[in-house]
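For reference, the chains in residue letters:
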Amino acid sequence: MTFVQIIDCRTSRFDDINRLMDTWVEQTKGKRTATHAVVGKDHSDASHFIEIVEFPSYEEAMRNSNLPETDKIFREMVALCDEMPTFTDLDVVRDEQLYATNARRFFETIAVSGDLPPLDELVAESYHDHDPANEQDTMGMDALRREIGMWRGGFEFEFVIDDQIAQGDRVCTRWTWNGTQTGEFMGMPAGGKKVAMTGVTTHRFGEHGKIVEAWWEYDRLGLMAQLGALEGLEQ
């Protein structure tokens with residue numbers, strides 16, 4: 001889970017602190033684990049500054065804090081502050097960037113070879129799936145696993161992510177699916193055919209960045225044509 005640390009300090013020597021942080025960045029190159037940092041100055045109080053630092057996880061943040069360079073810089077930073085800075089540790093429960101990353105991880109996970117990995121970190125137990133190819137919506141984790149299993153039983157495949165747009169609690173992903181038929185699928189025997197189709201999936205995310213709902217649109221008719229399922233109809 002993404003982790004954020006907020007550092008709140010007051011200082012009349014911000015330029016000195018800024019130079020100190022530049023030194024820390026240089027000294028910890030290749031070792032620090034922070035992925036993003038923002039520093040803001042209070043609009044109504046020029047001596048009040050807040051730094052927001054993002055890490056992949058709490059464990060990575062602790063590893064960053066334990067660097068000897070971090071300890072040295074921290075002691076020097078405290079000396080430049082008017083009072084002891086405060087620290088607030090936050091587990092991120094909603095983040096559009098996190099949602100987009102987890103949507104991408106979902107496609108990567110369901111396409112891995114071998115046994116299907118656990119989906120608990122990505123998908124909520126109450127998952128609701130909308131697929132126009134199915135007569136009824138897929139409800140719950142077990143039903144989702146069965147649906148994914150049908151595709152994995154028929155193909156070895158991968159997703160290429162062509163585009164992603166995140167807004168609020170939703171991520172829309174445009175993808176290209178490339179597969180090789182290795183088993184029976186929709187009555188079509190395994191023939192080793194290489195097939196491809198394009199599609200769009202919109203994921204809705206809930207608490208802790210898990211997928212709670214999805215809407216799928218893809219060229220299933222084109223896929224069946226590539227498999228030869230429409231040859232009789234064409235005649």
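Higher on the page you've got the structure.
Everything numeric in this text was worked out from a predicted model, so none of it was measured.

A. Here's a closer look at a nonpolar patch on the surface. Among the surface-exposed residues, V38, I50 and I52 lie close enough to one another that they form a single nonpolar patch of about 210 Å² accessible area. Residue position: I50 is located in strand 3 (residues 48–55).

B. Just the side chain of T33, in detail. Tracing the sequence through the fold places T33 in the loop between helix 1 (14–27) and strand 2 (36–41). Within the local environment of T33, its side chain forms a polar contact with the backbone oxygen of E60, the two atoms lying 2.7 Å apart.

C. Inspection of the pairing of strand 1 (residues 3–10) at higher detail. In the sheet, strand 1 pairs with strand 3 via eight bridges, with the strands oriented antiparallel. Its bridge partner lying in strand 3, F3 is registered against F55. Bridging between strand 1 and strand 4 (residues 86–91) involves six bridges; their strand directions are antiparallel. When the bridges of strand 4 are listed, V4 appears paired with L90.

D. Main features of the sheet that holds strand 2. Read from one edge of the open sheet, four strands run 2-3-1-4, paired in antiparallel fashion. Across the chains shown, the open sheet's two edge strands, defined by having one partner strand only, are strand 2 and strand 4. Each strand axis lies, on average, 15° off the axis of its neighbour in the sheet, ignoring direction. In the sheet, strand 2 pairs with strand 3 via six bridges, with the strands oriented antiparallel. By the bridge assignment for strand 3, A37 is matched with V53.

E. Examining empty space enclosed by the protein more closely. Tallied over the full model, the rule gives one cavity of 30 Å³ or more. Around the largest cavity, the lining comprises 15 residues; the ones closest to its centre are I110, E147, W151, F159 and W216. For the lining of the largest cavity, the element with the highest residue contribution is helix 5 (residues 141–154), accounting for four residues. Taken together, the residues of the lining of the largest cavity sort by class into 12 nonpolar, no polar and three charged.

F. Quick peek at the sheet that holds strand 10 (residues 211–218). One open sheet accounts for six strands, arranged 6-5-10-9-8-7; its pairing is mixed. Strands with a single pairing partner mark the edges of an open sheet, and in this sheet they are strand 6 (138–139) and strand 7 (155–167). In this structure, strand 9 (residues 194–205) lies alongside strand 10, joined through seven bridges in antiparallel fashion. If you follow V200 over to strand 10, its bridge partner there is E217. Across the face of the sheet, helix 6 (residues 220–227) comes into contact with strand 7, strand 8 (170–181), strand 9 and strand 10 while running at roughly 155° to strand 9.

G. How the structure looks around helix 1. For helix 1, which comprises 14 residues, the first-to-last C-alpha distance of 20 Å matches the rise-based estimate of 20 Å (1.5 Å per residue) to within 8%. All of the buried residues in helix 1 are I17, L20, M21 and W24. Projected down its long axis, helix 1 shows its buried positions confined to an angular sector of 100°, all on one face. In helix 1, the exposed residues that point more than 90 degrees away from the buried face are D15, R19, D22 and E26. Residues of helix 1 that are buried sit in contact with strand 3, helix 2 (58–65) and helix 3 (68–80).

H. Spotlight on unusual backbone geometry. With a phi close to 50°, M186 is a non-glycine residue in the positive phi region. With respect to the helices and strands, M186 occurs in the loop between strand 8 and strand 9.

I. Region of the structure containing the layout of surface pockets. Put simply, the largest pocket is a space of about 680 Å³. Every residue lining the largest pocket is counted, 30 residues in all, and those nearest its centre are I7, M21, W24, E51 and V53. Elements with a contribution of two residues or more to the lining of the largest pocket: strand 1, helix 1, strand 2, strand 3, helix 2 and helix 3. Top contributing element to the lining of the largest pocket by residue count: helix 1, with seven residues. Grouping the amino acids of the lining of the largest pocket by side-chain chemistry returns 19 nonpolar, seven polar and four charged.

Rules and cut-offs
All chains use their own residue numbering, which begins from 1 and follows the written sequence. Per-residue local features of the predicted model are confined to residues with pLDDT of at least 70, and side-chain atom pairs are confined, for both listing and counting, to 80 or more; whole-chain, interface and lining totals are unaffected and use all residues. Only hydrogens and water are set aside; all other atoms, that is, all heavy atoms of the structure, feed into the side-chain values. Put simply, a patch holds well-exposed residues, over 30% relative accessible area, that have no salt bridge, with like charges counted together within 9 Å and Val, Leu, Ile, Met, Phe, Trp or Tyr side chains within 5 Å. Here, Shrake-Rupley sampling with a 1.4 Å probe gives the accessible areas, and only protein chains in the shown set may cover a residue. Definition used for salt bridges: Asp or Glu carboxyl oxygen within 4 Å of a side-chain nitrogen of Lys or Arg. Think of it this way: any DSSP run of H or I at least four residues long counts as a helix, any run of E at least two long counts as a strand, and we number them from the N terminus. Polar contacts here mean pairs of N or O atoms no more than 3.5 Å apart (in protein, one a potential hydrogen donor and the other a potential acceptor; neighbouring residues in sequence count only if both atoms are side-chain atoms). Pairing between two strands is assigned when DSSP locates at least 2 bridges connecting them. Only C-alpha atoms enter the line fits that serve as axes; for helices the fit covers just the stretch in contact. Angles between N-to-C directions range over 0 to 180 degrees. Grid points spaced at 1 Å and placed over the protein atoms alone form the basis of the search, with a cavity being a set where a 1.4 Å probe fits but cannot get out and a pocket an open set showing protein on both sides within 12 Å along at least five of seven lines. Lining residues have an atom within 4 Å of a point. Grid points are joined across faces, edges and corners, and a volume is the space filled by probe spheres set on the points. Each residue is assigned to one class: nonpolar for Ala, Val, Leu, Ile, Met, Phe, Trp, Tyr, Cys and Pro, charged for Asp, Glu, Lys and Arg, and polar for all the others, Gly among them. We call two residues contacting when some pair of their heavy atoms lies within 4.5 Å. Helix span, expected: 1.5 Å multiplied by one less than the number of residues in the helix. The buried label applies to any residue whose accessible area, calculated with a 1.4 Å probe on protein chains only, is under 20% of its type's maximum; exposed applies above 50%, and partly exposed to all values in between. Throughout, the arc means the angular range of directions from the helix axis out to the C-beta atoms.

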